Structure formats: C-alpha cells, structure tokens
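Here is what each chain is made of, one letter per residue.
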Amino acid sequence: MRTLDQAVSINDAMVANTRALKYPFMLGFALTFGALGFYFRGDASVLEAKADEAIALGRGIQAPNLCRGVGPYHQRTRKFT
C-alpha cells in the first residue's frame, strides 16, 4: 500500500503529464480527481487551490461539470479537513 505522500507525488506527475497534453477537460478531471488525495491528507490549502483552478478552467472552456459540479464540491469539502 502506498502512503499519502507517495499518492501526492504521483498526483503531481499526473497533473504535469496532463498539462503537457494541452487538453483542458482532461486537466480539469486530473485536478479534481487528484484533489482527493489532499483531502485525505488534510491539506486544505492545496485542495482549495486545485478546486479553484478546476473551476476557472471549467468556466474558460464552458464545462459545467467542472465549474458547477466537482470543483465546488471540493471547495466545500475543504471545511471538513
């Protein structure tokens, strides 16, 4: 079983690789999915930063599932970390 620190390192690599693809929807998915590791780690500041980036990205590409769905969900979960 991997530790949460290893999961964060893997997440950083996933986001970097996804940025290189230059496909905004996949980047939004990587940001929101990857934010879960920070939730379980109790790192609210990184969770919120990833959620904010996903929301801004979703607005920019008009993807309501990012700017009104999972992004705000992660912002709300920040309160419980």
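Located above this text is the structure these notes cover.
Because the structure is a prediction, the values reported are computed rather than measured. Starting from 1, residues in each chain are numbered consecutively following that chain's sequence as written. Reporting in this predicted model follows two pLDDT cut-offs: at least 70 for local features of residues, and 80 or more for side-chain atom pairs to be given and counted; totals over whole chains, interfaces and linings ignore these cut-offs and use all residues. To obtain the side-chain values, all non-hydrogen atoms of the structure were used and water was disregarded.

Draft legend 1. A look at the overall build of the protein chain. For the purposes of this entry, the term helix denotes a DSSP run of H or I that reaches at least four residues, the term strand denotes a run of E that reaches at least two, and both are numbered from the N terminus. What the protein chain contains, in helices and strands, is 4 helices and 0 strands. For the protein chain, buried positions account for 32% of its 81 residues. Contacts in the protein chain between residues at least 24 apart in sequence constitute 53% of all its contacts with a sequence separation of at least 6. When the accessible surface of the protein chain is totalled, it reaches about 5,200 Å², and 59% of it is carbon and sulfur. Under the scheme applied here, a residue whose accessible area is under 20% of the maximum for its type counts as buried, over 50% as exposed, and between as partly exposed, the area being computed with a 1.4 Å probe on protein chains only. In what follows, residue pairs with any heavy atoms lying within 4.5 Å of each other are defined as contacts. In this description, accessible areas are obtained by the Shrake-Rupley approach with a 1.4 Å probe, and a residue is regarded as covered only by the protein chains that are shown.

Draft legend 2. Structural view of the nonpolar core. In this structure, Val15, Leu27, Ala30, Leu31 and Ala54 together form the largest nonpolar core, which totals 5 residues. When residues of this core are assigned to their parent elements, the largest contribution, 3 residues, is made by helix H2 (residues 24-41). For this analysis, a nonpolar core means a set of buried residues of the types Ala, Val, Leu, Ile, Met, Phe, Trp, Tyr and Cys, connected via side-chain atoms within 4.5 Å.

Draft legend 3. The arrangement of the environment of leucine 57 in detail. Position of leucine 57 among the secondary structure elements: in helix H3 (residues 44-60). Counting along the chain gives 26 residues from leucine 57 to leucine 31, while the straight-line C-alpha distance between them is 10.0 Å. Among residues more than four places away in sequence, those in contact with leucine 57 are Pro24, Leu27 and Gly28.

Draft legend 4. Quick look at the packing of helix H1 (residues 4-21) against H2. Interhelical geometry of H1 versus H2 gives an angle of 165° and a closest axis separation of 9 Å. Taken together, H1 and H2 sit at an angle that is classed as roughly antiparallel. Note that H1 runs across H2; the crossing there is left-handed. Mapping the contact onto sequence places Leu4, Asp5, Val8, Asn11, Asp12, Met14, Val15, Thr18 and Arg19 in H1 and Met26, Leu27, Ala30, Leu31, Gly34, Phe38, Phe40 and Arg41 in H2. Three classes are used: nonpolar for Ala, Val, Leu, Ile, Met, Phe, Trp, Tyr, Cys and Pro, charged for Asp, Glu, Lys and Arg, and polar for all others, with Gly counted as polar. Residue classes in the contact of H1 with H2 are distributed as 10 nonpolar, 3 polar and 4 charged. A fitted line through C-alpha atoms represents every axis, and for helices the fit uses only the stretch in contact; the resulting angles, taken between N-to-C directions, go from 0 to 180 degrees. Angles below 35 degrees are treated as roughly parallel, those above 145 as roughly antiparallel, those between 65 and 115 as roughly perpendicular, and all remaining angles as oblique. Each helix crossing is assigned a hand: it is left-handed if the near helix lies turned anticlockwise from the far helix by less than a right angle, otherwise right-handed if that turn is clockwise.

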